[in-house]
Every structure is written in structure tokens, then in C-alpha cells.
Amino acid sequence: MKKENIMVPKPRSAFLSVQCEKCGEKAIVFSHTTTNINCKSCGELLAERSGGLANIYGKVLGALDE
Ligand SMILES: [Zn+2]
């Protein structure tokens with residue numbers, strides 16, 4: 001009996017275009033960032049590391065594909 005290898009799709013990581021809800025500044029945030037990302041303009045927290053997919057606090061405008 002052979003065990004079949006089932007490919008588990010990894011959660012896709014992506015670069016996200018996030019807009020600060022406070023001042024409207026846009027930033028590029030890695031979806032699995034390992035550091036907290038703050039708005040360059042006003043310092044508002046945009047993304048918080050969570051060990052996996054980051055918690056995004058700004059408005060996600062879209063993903064930048066590859
Ligand atoms: Zn801001």
C-alpha cells in the first residue's frame with residue numbers, strides 16, 4: 001500500500017496595497033509580514049504580525065500579483 005502525497009495548498013502570501021484609514025496614505029504591506037507596519041505619514045498601525053497572515057488594519061485596496 002502506498003501512501004499518496006496530498007498537496008496541501010499553502011496559504012498564499014501576497015503584497016497588499018493598504019490605505020491608511022486615518023490619513024489616506026497608501027502603503028505596500030506583505031500579507032505575512034513579521035514586523036508591524038505603521039503608516040509612514042501619521043504613524044497609524046496598518047498591519048500587525050500574528051505569526052501567519054498579518055492583521056491588516058487599514059483598507060486593503062488590492063493585492064499586487066507576483
Ligand atoms: Zn496614516
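Residues numbered from 1 in each chain as written. Predicted model: local features only at pLDDT ≥ 70, side-chain atom pairs only at ≥ 80, totals over all residues. Heavy atoms only, no water.

Re the coordination of the zinc ion
In ideal tetrahedral geometry, four donors around a metal make angles of 109.5 degrees, whereas ideal octahedral geometry with six donors gives angles of 90 or 180 degrees. Rules: Donor criterion used throughout: N, O or S atom within 2.8 Å of the metal, extended to 3.2 Å for Na, K and Ca. Water excluded; incomplete-looking sites may result. Only two sets of limits are used to name each site, 85 to 135 degrees for every angle of a tetrahedral four-donor site, and over 155 degrees for opposite donors with all other angles from 65 to 115 for a square planar four-donor or octahedral six-donor site, with any other site named irregular.
Only Cys20 (SG), Cys23 (SG), Cys39 (SG) and Cys42 (SG) from the protein coordinate the zinc ion, and they sit 2.3 to 2.4 Å from it. One can describe the donor arrangement at the zinc ion as tetrahedral, given that its four donor atoms subtend angles of 102 to 116° at the metal. Motif for the zinc ion, donor spacing along one chain: C-x2-C-x15-C-x2-C.

Quick notes on the UniProt feature "zinc finger region: C4-type" (unreviewed entry) in the protein chain
Inclusion rule: UniProt positions are given in the numbering used here, feature names are shortened, and annotations may be inferred rather than shown by experiment. Under the scheme used here, helices are H or I runs from DSSP no shorter than 4 residues and strands are E runs no shorter than 2 residues, and both carry numbers assigned from the N terminus.
UniProt's entry tags residues 20-42 with the feature "zinc finger region: C4-type" (unreviewed entry), counted in the numbering of this structure. For residues 20-42, the helix share is 0%, the strand share is 30%, and the end-to-end C-alpha distance is 9 Å.

Topic: the pattern of salt bridges
To keep things clear, this is the line we draw: Any carboxyl oxygen of Asp or Glu within 4 Å of a side-chain nitrogen of Lys or Arg constitutes a salt bridge here. Here the term buried applies to any residue with accessible area under 20% of the maximum for its type, exposed to any over 50%, and partly exposed to those in between, with areas from a 1.4 Å probe on protein chains only.
Tallied over the entire structure, the rule returns one salt bridge. A salt bridge links Lys22 to Glu44; the nearest nitrogen and oxygen atoms lie 3.4 Å apart. Taken together, the residues span a long stretch of sequence, with Lys22 in the loop between β1 (15-19) and β2 (26-30) and Glu44 in the loop between β3 (37-38) and β4 (45-48) at a distance of 22 residues. By relative accessible area, Lys22 is classed as exposed at 60%.

What about the sheet that holds β2?
Rules: At least two bridges found by DSSP between two strands is the condition for calling them paired. The axes used here are C-alpha line fits, helices contributing only the stretch in contact, and every angle between their N-to-C directions lies in the interval 0 to 180 degrees.
Strands sit in the order β2-β1-β6 across an open sheet of three strands; the sheet is antiparallel. Only two strands of the sheet have a single partner each, and these edge strands are β2 and β6 (59-64). The average undirected angle you get between the axes of adjacent strands in this sheet is 30°. Across five bridges, the pairing between β1 and β2 is antiparallel. Its bridge partner lying in β2, Leu16 is registered against Val29.

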